[in-house]
Amino acid sequence: MKAEPAADLNAFRAPWWLPGGHAQTIWPALWARRHFGPPPRWRRERWDTPDGDFIDVDRAEHASHPQAPLLVLFHGLEGGSGSQYAMAFADFAAERGLAYAVPHFRGCSGELNRAPRAYHSGDFEEIHWILRRFAEADPQRPLIAAGVSLGGNALLRWAGEMGEQAAQTARAVAAICSPLDLAAGGHAIGRGFNRQVYTRMFLHTMKPKALRKLAQHPGLFDGEALRAVRDLYAFDNLFTAPLHGFKGTDDYWRRASAKPHLARIRVPALALNALNDPFVPAASLPRAGEVGPHVTLWQPAHGGHVGFPSSLGAWGLPGHVRTMPEAVGHWLLSHT
């Protein structure tokens, strides 16, 4: 199923009434239109993991041909099938007749997972298990995968780790607004406006979930220290890093980052990052000489963090977020 050539988002321009990366991040997440057709309807599946835990997978119920590609979307930090980008991709998939699924990272589906672990930006082993299960369950469907922010870094980390073997599972992969240099992104979100708005937003859900994990597994970490956490560096140092085998935040951010592995990727891969993304400093983004020939870089001046808003109607309000899924989806399909 070959698609028309994808519109290159390097030329993307946000509406005049949404100046700057913060506006292009916040408005689309809260108010922009997510779908042109009916809202997606989901069928939830629970998958038991090899280590005795579980994840929940939401499959879109719209019609698709039995041999149409399957698009798998890995969500970002604290995201899920209800995130604006997941719904916009569902709308694209329904329009194109693709099968579509959103696997939730552990603890992100509304129910706390069982194991003394959660999820993290470099969890390529989990990505591998999920993609292989999709591929083996529907071998007649070409598989394409996209990841948003954290999910995109983990997806490209998988592609780099797998090398030539990645093409046995996926035809193409795409990372959208991913902090491929986790240290640069982590420090950026911990400063100024980012710290006051985005860090607080993430910790508002992450800290209660971590404390529920502590109640589930007493002694797993210092609960009083976690209650005092005020930024993601401290949270990762106390919770994410030690629970997933890292020495601390610096070790986690270094080893989990996909950027050093981009030259090893041997499957068509797209890395889309807006230069005005508040979470991902433009100076930290990979350059053409730092990636292999299988990696395509789209780095438009506008877009914010998973925003890419476009005007809608005569006045352009409230706009929509279908432009990015359309472009990324067509790019992925061009490799099937």
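In the block above lies the structure referred to throughout.
Bear in mind that the values here come from a model prediction, so they are computed numbers and not experimental data.

What follows covers the nonpolar core. Counting residues in hydrophobic clusters, the biggest one holds 58 residues, and the most contacted among them are F74, L131, F134, L143, L156, W158 and V173. Among residues more than four places away in sequence, those in contact with L156 are V173, A175, L180, A258, L262, I265, A269 and A271. Within the second largest apolar cluster, 34 residues are counted, among which are A14, L73, A90 and A146.

Burial of strand 4 (residues 99-103) is extensive: five of the five residues sit out of reach of the surface. Pairing analysis gives three bridges linking strand 2 (residues 54-60) to strand 4, with the strands arranged antiparallel. Residue V57 lies in a different strand from strand 4, and its bridge partner there is P103. Summarising the sheet, strand 3 (residues 70-74) and strand 4 pair through three bridges and their orientation is parallel. Across the sheet, V72 pairs through a bridge with A101, a residue of strand 4. A crossover links strand 3 with its parallel partner strand 4, the connecting element being helix 2 (residues 84-96), and its sense is right-handed.

For the structure on display, the rule yields 22 salt bridges. Among the salt bridges present, the one from R106 reaches D51, with a minimum N-O distance of 3.0 Å. A residue pair is termed long-range when its members are at least 10 positions apart, and R106 in the loop between strand 4 and helix 3 (124-137) and D51 in the loop between strand 1 (42-48) and strand 2 qualify at 55 residues. Notably, a salt bridge pairs R266 with E164, separated by 4.0 Å at the nearest N-O pair. Here the residue R266 occupies a position in the loop between helix 9 (249-256) and strand 7 (269-272), and E164 occupies one in the loop between helix 4 (150-162) and strand 6 (172-176), the gap between them amounting to 102 residues. Relative accessible area serves as the criterion here: at 32%, R266 is assigned to the partly exposed category. Classification of E164 by relative accessible area gives exposed; the value is 58%.

Calculation rules
- Residues numbered from 1 in each chain as written.
- Predicted model: local features only at pLDDT ≥ 70, side-chain atom pairs only at ≥ 80, totals over all residues.
- Heavy atoms only, no water.
- Core = buried A, V, L, I, M, F, W, Y, C linked by side-chain atoms within 4.5 Å.
- Buried < 20%, exposed > 50% of the residue type's maximum accessible area, 1.4 Å probe, protein only.
- Contact = heavy atoms within 4.5 Å.
- Helix = DSSP H or I, 4+ residues; strand = E, 2+ residues; numbered from the N terminus.
- Pairing = 2+ DSSP bridges.
- Right-handed = clockwise from strand over helix to strand, strands pointing away.
- Salt bridge = Lys/Arg side-chain N within 4 Å of Asp/Glu carboxyl O.

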